[in-house]
Amino acid sequence: MTMRDIRIIGDAVLRSPCDPVTSFDAELRALVTDLMDTLLGAPGRAGVAAPQIGVAARVFVYDADGHRGHLVNPTLELSAELQDDEEGCLSIPGMYFPTPRALHATAHGFDQHGEPLTISGHGFLARALQHETDHLDGRLYVDTLRGDTRRRALREIRAGRFDSPRRH
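Residues numbered from 1 in each chain as written. Predicted model: local features only at pLDDT ≥ 70, side-chain atom pairs only at ≥ 80, totals over all residues. Heavy atoms only, no water.

1. A short note on the nonpolar core
Next up, step 1: By size, the foremost hydrophobic cluster in this structure holds 16 residues, and its most contacted members are Leu28, Leu31, Leu35, Val48, Val59 and Val61.
Next up, step 2: Elements that contribute at least two residues to this core include exactly α1 (26-40) and β2 (59-64).
Next up, step 3: Counting residues per element, this core draws most heavily on α1, which supplies six residues.
Next up, step 4: Leave out the neighbours within four places in its chain, and Leu35 touches Val48, Ala49, Ala50, Ile53, Val59, Phe60 and Val61.
Next up, step 5: Ranked by size, the runner-up nonpolar core spans 13 residues in total, among them Ile92, Tyr141, Ala153 and Phe162. (Core = buried A, V, L, I, M, F, W, Y, C linked by side-chain atoms within 4.5 Å. Buried < 20%, exposed > 50% of the residue type's maximum accessible area, 1.4 Å probe, protein only. Helix = DSSP H or I, 4+ residues; strand = E, 2+ residues; numbered from the N terminus. Contact = heavy atoms within 4.5 Å.)

Put into structure tokens, the structure is as follows:
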């Protein structure tokens with residue numbers, strides 16, 4: 001089992017769009033294994049994206065609402081209907097804010113062997129698919145916040161009010 005350190009806000013890899021995966025090889029399968037080990041290595045995790053462990057590849061793993069898996073090179077279709085629940089991030093540990101997301105999401109991509117894969121979900125699974133795909137585009141959930149909630153989140157981040165263990 002290889003549980004990798006989680007990169008924390010301020011690390012440039014979290015703000016850089018990831019490169020599409022072009023080789024569905026042993027290196028990709030090892031990355032998916034490391035991501036899943038990192039996801040399952042601590043309780044309460046819903047997803048881990050490759051940039052969160054320092055790899056700029058369009059890959060993430062998830063474990064949400066009884067669904068567990070991975071997705072390579074995802075694209076999303078989102079519903080117009082919204083949800084506005086609390087959201088947090090391993091890369092900004094200990095901070096949670098009400099975050100608007102589409103209520104339903106369908107993610108299209110590939111598995112680690114290059115086979116087409118589609119994952120559809122609503123509620124928490126839809127939130128996780130959107131959150132992890134955002135990581136692959138260099139976005140963090142606090143980027144989606146608006147108004148007073150965004151100002152409060154940015155103040156707390158600047159003040160370093162988040163828990164900073166690397167394996168949180």
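2. Some details on the pairing of strand β6 (residues 104-110)
Next up, step 1: As paired strands, strand β3 (residues 67-78) and β6 are joined by five bridges and run antiparallel to one another. Its bridge partner being in β6, Leu76 is matched across the sheet by Ala107.
Next up, step 2: Where β6 lies against strand β7 (residues 116-122), seven bridges are found, and the strand directions are antiparallel. The residue of β7 that forms the bridge with Ala107 is Ile119.
Next up, step 3: What sits between the antiparallel neighbours β6 and β7 is a turn of five residues, in which Gly114 has the positive phi angle 90°. (Pairing = 2+ DSSP bridges.)

3. Quick look at the pattern of salt bridges
Next up, step 1: Counting across every chain of the model gives twelve salt bridges.
Next up, step 2: A salt bridge links Asp134 to Arg101; the shortest N-O distance between them is 2.8 Å. With Asp134 in helix α2 (residues 124-136) and Arg101 in strand β5 (residues 92-102), this pair connects stretches of sequence that are 33 residues apart.
Next up, step 3: The class of Asp134 is buried, set by a relative accessible area of 7%.
Next up, step 4: A residue is classified by how much of its surface remains accessible, and Arg101, at 5% relative accessible area, is buried.
Next up, step 5: Of the charged contacts in the structure, one is a salt bridge between Asp137 and Arg139, with a shortest N-O distance of 3.5 Å.
Next up, step 6: Of the residues examined, Asp137 reaches a relative accessible area of 28% and is grouped as partly exposed.
Next up, step 7: Given the relative accessible area of 36%, Arg139 is considered partly exposed.
Next up, step 8: Taken together, the shared-partner salt bridges connect Arg58, Glu87, Arg101, Arg127, Asp134, Asp137 and Arg139 into one network. (Salt bridge = Lys/Arg side-chain N within 4 Å of Asp/Glu carboxyl O.)

4. Focus on the UniProt feature "binding site: Fe cation" (unreviewed entry) in the protein chain
Next up, step 1: Mapped onto the present numbering, the UniProt feature "binding site: Fe cation" (unreviewed entry) falls at Cys89, His131 and His135. The greatest C-alpha distance among the annotated residues, which extend across 47 residues, is 10.1 Å, indicating that they converge on a single site.
Next up, step 2: Residue position: Cys89 is located in strand β4 (residues 82-89).
Next up, step 3: Cys89 sits in the buried class, given a relative accessible area of 8%.
Next up, step 4: Ignoring any residue separated from it by four or fewer positions in sequence, one finds Cys89 in contact with Gln52, Met95, His131, His135 and Tyr141. (UniProt positions renumbered as here; feature names shortened; annotations may be inferred.)

5. Some words on α1
Owing to its 3.6 residues per turn, the α-helix brings residues three or four apart onto one side.
Next up, step 1: End to end, α1 covers 21 Å across 15 residues, agreeing with the expected 21 Å (1.5 Å per residue, within 8%).
Next up, step 2: Every buried residue of α1 is accounted for by Leu28, Leu31, Val32, Asp34, Leu35, Met36, Asp37, Thr38 and Leu39.
Next up, step 3: You can read the cap of α1 off the contacts: a side-chain oxygen lies 3.2 Å from the backbone nitrogen of Glu27, and it is on Asp25. (Expected span 1.5 Å × (residues − 1). Polar contact = N/O pair within 3.5 Å; in protein donor to acceptor, adjacent residues only side chain to side chain.)

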